[in-house]
Amino acid sequence: MSQKVRIALDAMGGDHGPAVIVAGAELALARHPETEFLLFGNSALVAPLLDSRPALKAAAKLVHTDIAVRMEDKPSQALRYGRWKSSMWLAIDAVKKGDADVAVSGGNTGALMAMSKFNLKTLPGIDRPAIAALWPTLRGESVVLDLGASIGADAAHLVDLAVMGAAMARIVLGVAQPTVGLLNVGVEEVKGLEQVREAGATLREQKFPGLHYRGFVEGDDIGKGTVDVVVTEGFAGNIALKTAEGTARQIAEYLKGAMSRTLRARIGYLFARSAFRQLRELMDPRRANGGVFLGLNGIVIKSHGGADAEGFAAAIAIGHDVVRDDLLAKITAALGRSSKAARPALSGVAS
């Protein structure tokens, strides 16, 4: 790997467009000066933003395209008119061609997944990629997946998620033998959907190297950090993510209102402001922005579409770190080892 980390940006993706993306790239560059950026977007909109940031402009190359995937587009629509020429496609294609180490986009999730899978293809043995992210917990951080790449999952897919999530936890969290749990409506083995119970049976009975299966976990176990890796299908995972983010903002607003309601409360805040500052930082959803598309033959990072510059910088930082940690090669190796150890038994498990 070259010393530089080369990051391709979909400069037109997200709710706020190039202004947030370029500002986020500037923040990321200040924190990781060895980064180089390849931006794809409308030069009439992006170039002036780069011109006002000389340090970023010196570390960036802009490639013009006037085609952008819309947030409301269906994946089939995005592929039909955005393949080969949209800012999203070109950022992904830069990874495929070796011009970039990772692509980052805040655009339409379905379109980004469809284009990534179509262009980069999946790793051997993986049918559907997943979105994995670091989730702040009472114990530190956990890896949670899938956070919305696809809806529904059979038992074999859930087992693949467990293997990939454990590999990411070993790399990113530095845990030699990550504990893994399947998200369910209860911890009892008789509860939950059939495919979840089947996946649990496979993970319990087979000897998957590099992970320790702990059984079923419930929704409140995610924030507790009961396990290092929480596995679920994308529908439930995305709801859990959005609920947690909304709750964090709700509590922050409650605290803000309570601290300004009376003179005594405002005085109390002055004495405890360092503690409240720390709490605000811990509850800030922007810190956890950036989901890794696992299972692809390349690294793609999905930022929240509504992220501000700080949030987008966090997504870029995730991309920077997984490239530095050689995540793709290590995930590929982990899948190869698990395939040799236990994949033959999965044919009778998948629903």
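Residues numbered from 1 in each chain as written. Predicted model: local features only at pLDDT ≥ 70, side-chain atom pairs only at ≥ 80, totals over all residues. Heavy atoms only, no water.

### As for the pattern of salt bridges
Right, so step 1: Within this structure, the stated rule accounts for ten salt bridges.
Right, so step 2: For Arg6, the salt bridge identified is with Asp101, shortest N-O distance 2.9 Å. In this pair, Arg6 sits in strand E1 (residues 5-10) while Asp101 sits in the loop between helix H5 (87-97) and strand E4 (102-105), placing the two residues 95 residues apart along the sequence.
Right, so step 3: Accessibility expressed as a relative area gives 24% for Arg6, which makes it partly exposed.
Right, so step 4: Among the residues examined, Asp101 registers a relative accessible area of 17% and is labelled buried.
Right, so step 5: Its salt-bridge partner being Arg70, residue Glu72 comes within 3.7 Å of it at the nearest N-O pair.
Right, so step 6: In this structure, a network of salt bridges that share partners links the residues Arg70, Glu72 and Asp73. (Salt bridge = Lys/Arg side-chain N within 4 Å of Asp/Glu carboxyl O. Helix = DSSP H or I, 4+ residues; strand = E, 2+ residues; numbered from the N terminus. Buried < 20%, exposed > 50% of the residue type's maximum accessible area, 1.4 Å probe, protein only.)

### A word on a nonpolar patch on the surface
Right, so step 1: Together, Ile151, Phe235 and Ile239 make up a nonpolar patch on the protein surface, roughly 320 Å² of accessible area in all.
Right, so step 2: Mapping Ile239 onto the fold places it in helix H10 (residues 234-259).
Right, so step 3: According to the relative accessible area criterion, Ile239 is partly exposed, its value standing at 44%. (Patch = residues over 30% accessible without salt bridge, like charges linked within 9 Å, V, L, I, M, F, W, Y side chains within 5 Å. Areas by Shrake-Rupley, 256 points an atom, 1.4 Å probe, with all protein chains shown as cover.)

### Considerations on the packing of aromatic side chains
Right, so step 1: With the rule as written, the count across this model stands at two aromatic pairs.
Right, so step 2: For the ring pair Trp84 and Trp89, a centre distance of 4.9 Å and an interplane angle of 70° mean the geometry is edge-to-face.
Right, so step 3: Note on Trp89: relative accessible area 1%, which makes it buried.
Right, so step 4: Measuring from centroid to centroid gives 6.1 Å for Trp89 and Phe118, while their planes differ by 55°, and the two rings are tilted. Note that Trp89 is positioned in helix H5 and Phe118 in helix H6 (residues 109-120), a separation of 29 residues in sequence.
Right, so step 5: Taking the relative accessible area as the measure of exposure, Phe118 reaches 35% and is therefore partly exposed.
Right, so step 6: Members of the aromatic cluster, connected to one another through ring pairs, are Trp84, Trp89 and Phe118.
Right, so step 7: The residue whose ring lies beneath Lys121 is Phe118, and the NZ or CZ to ring-centre distance is 5.0 Å. (Phe/Tyr/Trp six-rings, centres within 6.5 Å; stacked < 30°, edge-to-face > 60°. Lys NZ or Arg CZ within 6 Å of the ring centre and 35° of its normal.)

### Notes on empty space enclosed by the protein
Right, so step 1: One pass over the structure, following the stated rule, counts two cavities of 30 Å³ or more.
Right, so step 2: Roughly 60 Å³ of internal volume is contained in the largest cavity.
Right, so step 3: When the residues that make up the lining of the largest cavity are grouped by side-chain class, the tally is four nonpolar, eight polar and one charged.
Right, so step 4: Taken as a whole, the second largest cavity spans an internal volume of roughly 30 Å³.
Right, so step 5: Lining the second largest cavity, in full, are Leu123, Phe293, Leu294, Gly295, Leu296, Gly298, Ile299, Leu327, Leu328 and Ile331.
Right, so step 6: Ranked by residue count, the leading element in the lining of the second largest cavity is helix H13 (residues 327-342), at three residues.
Right, so step 7: Residues belonging to the lining of the second largest cavity are distributed by class as follows: eight nonpolar, two polar and no charged. (1 Å grid on protein atoms, 1.4 Å probe; cavity = no way out; pocket = protein on both sides within 12 Å on 5 of 7 lines; lining within 4 Å. Points joined across faces, edges and corners; volume = space filled by probe spheres on them. Nonpolar A, V, L, I, M, F, W, Y, C, P; charged D, E, K, R; others polar.)

### Details of the sheet that holds strand E7 (residues 179-183)
Right, so step 1: Across the sheet, eleven strands lie side by side as E3-E2-E1-E4-E11-E10-E5-E6-E9-E7-E8; this open sheet has mixed pairing. Among the strands making up the open sheet, the edge pair consists of strand E3 (60-64) and strand E8 (212-217). Across this sheet, the average inter-strand angle for adjacent strands is 25°, counted without regard to direction.
Right, so step 2: Two strands pair when backbone bridges link them, and strand E10 (residues 291-294) and strand E11 (residues 300-302) are joined in this way by two bridges, in the antiparallel orientation. Within E11, the residue paired with Val292 across the bridge is Ile301. (Pairing = 2+ DSSP bridges. Axes fitted to C-alpha atoms, helices over the stretch in contact; angles between N-to-C directions.)

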